[in-house]
Each structure stands twice: as structure tokens, then as C-alpha cells.
Amino acid sequence: MPAASRTYWLTEPCRIRREDNSVRIERPDGSPVHIPITDIRDLIAFDHIDINTSALSLLSQNGITLHVLDHYGNHAGHFTPAHSMASASVVRHQVDLTADPQQRLNISRSIVLATAENLRWSLDTDLLDPALDHLRTALPHCDSTDALMGQEGNLRRTAWAVLDTQLPPWLRLNGRTRRPPSNAGNAFISYLNSLVYARVLTALRSTPLHPAIGFLHSDTDRRRNTLALDLAEPFKPLFAERLLKRAAAKKHLKETDFETDVGRAALSKNGRKKIAALVKEELAITVYHRTLKRQVSYEELIHLEALKIVRLCLEGATYKPFKPWW
């Protein structure tokens, strides 16, 4: 895709139709939006969409992925082009890496540790230091990905309890719940985690890797693209917990931004718009990359993370998961 292409966030019900080499998005207010196909990197649907085969064919011909989130913010699925950039030689190396128990365990350990350290960085509090020290001590003794994820789960539960101390009562998680989220805080985290997963999946689609051949999640979530789940882990704290803390501190979120019922919650229409705007703004932030010696956006950092796995497969370069350096 051209460098100028971008993600379009469909936060309201809409119809998607093809019009020559453009996509026409018909909105509830009756005002259609025409988008040249070359301007689209991918589409993320937060709400109901009506799309026909002609529009899907145009998306496929141009390598564009359509991600669909369900009412509770879970990544319900995606439409991907028929042709993939996956390379047989790269995928063979990828399979060999994941089939090697020691290699797979080492990479999984590095993902878990980076995720934990990024969570500590995102919450910016020393209350998480004892749990992080315990994790560092325990990881070398974990001999399976199940054990690694168990240790990660322990730290996350501690981190969520710490996060709750920084949130107003109505936005607290009170324990992590999914499918469906039980309250507003969990709904926020679910939506943001799904958006990070969608960004990683789009990034992987532009590399010669196969997104379903992963390391950490390969035994625990065989039905999804486990490499996308793996690479999303270090980025989730940067977008989910960190943005929830910031939005609460700035009083950016209101109770009306969520639809709550007994034991379940989801973003309201206005809430989806707020979240989309918040994530778009965050993805556009740039930082100076010390190796590339130029400014890169958070969006590009996700793409660079995928390229690290390519170099691991082709050159045997050590994989070092993303950690904020700023």
C-alpha cells in the first residue's frame, strides 16, 4: 500500500459500495463519503456494516483488510485479500523456529517480560515493582508457554488492581472480565486490545510472514492468528491501560460513553467515536528512532515489530520485543 494510505474507522452503521476505483461509504445522515481505494490501508468497523461483493472484490484486489469488532469490542473477524504477501521460504523458517521448543520458549519469555515492563512503564508507579521482580525471578524456571502465561496472568492481576487505585469508582476494572466485559473499565480495555490486535494483523499482512504461526499463544489460542496475538502483547499496555489512566485523569470519559447492563458493558455510539479519535491521535504520535535516526510514528513502530520477526527468520537476528525508550 502507498505510504499515504490510512486506516478508516467506521464508528457508525453504514453501507459500503464500490464506485469505479473508489469506495462509497453511506452514513446514517445521508451524506456519502467517497474514498479513493489508494487512500485506504484498512477499515475497522465498530458497528453494523452493509457491504456487497463488488466492494469486497475491490478491497481484495488492492490488498485491503476489513476488521470487524463486535458490540463488546471483541475482534469478531476480518476479511482479508485472497492474495497474501507471505513467502514460502520465510514461512518455512518461521515454522522451524516455532517447532524448536527452546527457541520458542526463549522468544515467549522475552515477550512476557517486555509486556510486564511496558505495563510498569505505562502505569508509572513503583507499586508494581515487587510483582515485576517476582516475575523476573520466575521466568527462567518456566518450562512451557502455559507456565509463562500463568506468571504473566499473576502480574497482570496485580497491575489491574494497581490501575484501579488511579481510576474513579465507575471506571474501575474490579478484576478483568471478557466476552462480555462486565463494566466500563473492562469494555475500554477490550476495545483497545482488539484495536491493537487489528493494527498488528494489518502490519503482518504487509510482510512475508504467516500471522497464524506464533510462539507464546500457539498452544492456547489455535483458532486465531497467534503471531498477531504475540506481537500485540508488548503494545497493549501502551494503548489500553495507559490510555485508560490518561483518559480518566483528564476526565475525557463519561458514564454516558458506555452502555451498561447487569454483568455487561460496551461503548456507546459516542464512546466509540471518542475511542477511535483517541487511538488515531495516539498512533500518529512520533518519536525519534535511534537506529533509523528519524522520527517514526507509533503506527510504524508496530510495522517495525513485524519486520523484527522477518529478520529473525531470514538472518537469525535476536528478537528483542518493543519497549518504550522515551
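Above this text sits the structure in question.
Structural notes, computed from the coordinates.

Cut-off values and rules
- Within any chain, residue numbers begin from 1 and follow the written order of that chain's sequence.
- Owing to the predicted nature of the model, reporting of local features is limited to residues with pLDDT of at least 70; listing and counting of side-chain atom pairs is limited to 80 or more, with chain, interface and lining totals taken over all residues.
- Just so you know, side-chain values use all the structure's heavy atoms and leave hydrogens and water out.
- The helix count covers DSSP runs of H or I at least four residues long, the strand count covers runs of E at least two residues long, and both are numbered beginning at the N terminus.
- This radius of gyration counts C-alpha atoms alone. The globule rule is 2.2 Å times how many residues there are, raised to the power 0.38.
- Three labels apply to residues, based on accessible area from a 1.4 Å probe with only protein chains included: buried if under 20% of the type maximum, exposed if over 50%, partly exposed otherwise in between.
- Between two residues, a contact is recorded if the distance between any of their heavy atoms is within 4.5 Å.
- Surface accessibility follows the Shrake-Rupley procedure with a 1.4 Å probe radius. Residue values consider only the protein chains on display as shielding.
- For the purpose of counting charges, residues Lys and Arg are taken to be positive, whereas Asp and Glu are taken to be negative. His and the chain ends are not included.
- Working definition for charges: the position is that of NZ of Lys, CZ of Arg, CG of Asp or CD of Glu.
- The pairing criterion is simple: DSSP has to find at least two bridges between the two strands.
- Here an angle of 0 to 180 degrees is reported between the N-to-C directions of two axes, which are lines fitted to C-alpha atoms, with helices fitted over the stretch in contact.
- Multiplying one less than the number of residues by 1.5 Å gives the expected span of a helix.
- Any two rings among Phe, Tyr and Trp, with Trp reduced to its six-membered ring, count as a pair given centres within 6.5 Å; such a pair is stacked if its planes are under 30 degrees apart, edge-to-face if over 60, and tilted if neither.

### Focus on the overall build of the protein
Helix and strand counts for the protein stand at eleven helices and twelve strands. Its C-alpha atoms give the protein a radius of gyration of 20 Å, within 12% of the compact-globule value 20 Å for 326 residues. Principal axes of the C-alpha set define a box for the protein whose edges measure 60 × 50 × 40 Å. Burial analysis of the protein (326 residues in total) assigns 53% to the buried set. Restricting to contacts in the protein with at least 6 residues of sequence separation, those with at least 24 account for 63%. For the protein, the computed accessible surface area is about 14,800 Å², with 51% contributed by carbon and sulfur atoms. Charged side chains in the protein number 43 positive and 36 negative. The centres of these two groups are separated by 2 Å.

### Things to note about the sheet that holds strand β1 (residues 6-10)
What the four strands build is an open sheet, ordered β1-β5-β7-β8; its pairing is mixed. Strands with a single pairing partner mark the edges of an open sheet, and in this sheet they are β1 and β8 (75-79). Between one strand and the next, the sheet's axes are offset by a mean angle of 20°, whatever the strand orientation. One ladder, built from four bridges, connects strand β5 (residues 40-45) with strand β7 (residues 65-69); its direction is parallel. Paired with Leu-43 across the strands is Leu-66, a residue of β7.

### Points about the sheet that holds strand β3 (residues 22-26)
To summarise the sheet geometry, strands pair through backbone hydrogen bonds and adopt either a parallel or an antiparallel arrangement. Pairing is mixed across the open sheet formed by four strands, whose spatial order is β4-β3-β2-β6. Since the sheet does not close on itself, it has two edges, and those belong to β4 (32-36) and β6 (49-51), each with one partner. Averaged over all pairs of adjacent strands, the angle between strand axes in this sheet comes to 25°, irrespective of strand direction. Of the pairings in the sheet, the one linking strand β2 (residues 14-19) to β3 comprises five bridges and is antiparallel in character. Among the inter-strand pairings, Arg-18 is bridged to a residue of β3, identified as Val-23.

### Re helix α5 (residues 145-164)
Spanning 20 residues, α5 covers 28 Å between terminal C-alpha atoms, matching the ideal 28 Å at 1.5 Å per step. Residues Thr-145, Leu-148, Gln-151, Glu-152, Gly-153, Leu-155, Arg-156, Ala-159, Trp-160, Val-162, Leu-163 and Asp-164 constitute the buried set of α5. In this fold, the buried residues of α5 make contact with α3 (101-123), α4 (129-138) and α9 (241-249).

### So, unusual backbone geometry
Here the residue pair Arg-179 and Pro-180 is connected by a cis peptide bond, since its omega of 0° sits within 30 degrees of zero. Mapping Pro-180 onto the fold places it in the loop between α5 and α6 (184-205). A positive phi angle, near 55°, is found at Asn-174, a position not held by glycine. With a relative accessible area of 61%, Asn-174 lands in the exposed category. The phi dihedral of Lys-251 is positive, around 55°, even though this residue is not glycine. With respect to the helices and strands, Lys-251 occurs in the loop between α9 and β9 (258-261). Look at Lys-251 and you get exposed, because its relative accessible area is 68%.

### Remarks on the packing of aromatic side chains
Two measures describe an aromatic ring pair: the distance that separates the ring centres and the angle between the ring planes. As enumerated under the stated definition, the model contains nine aromatic pairs in all. Here Trp-170 and Phe-258 contribute two aromatic rings whose centre-to-centre distance is 5.9 Å and whose plane-to-plane angle is 65°, an arrangement assigned as edge-to-face. Remark: Phe-258 occurs in strand β9 and Trp-170 occurs in the loop between α5 and α6; sequence separation between them is 88 residues. Feature note: the residues Trp-121, Phe-235, Phe-239, Tyr-298, Phe-322, Trp-325 and Trp-326 constitute an aromatic cluster, connected by ring pairs.

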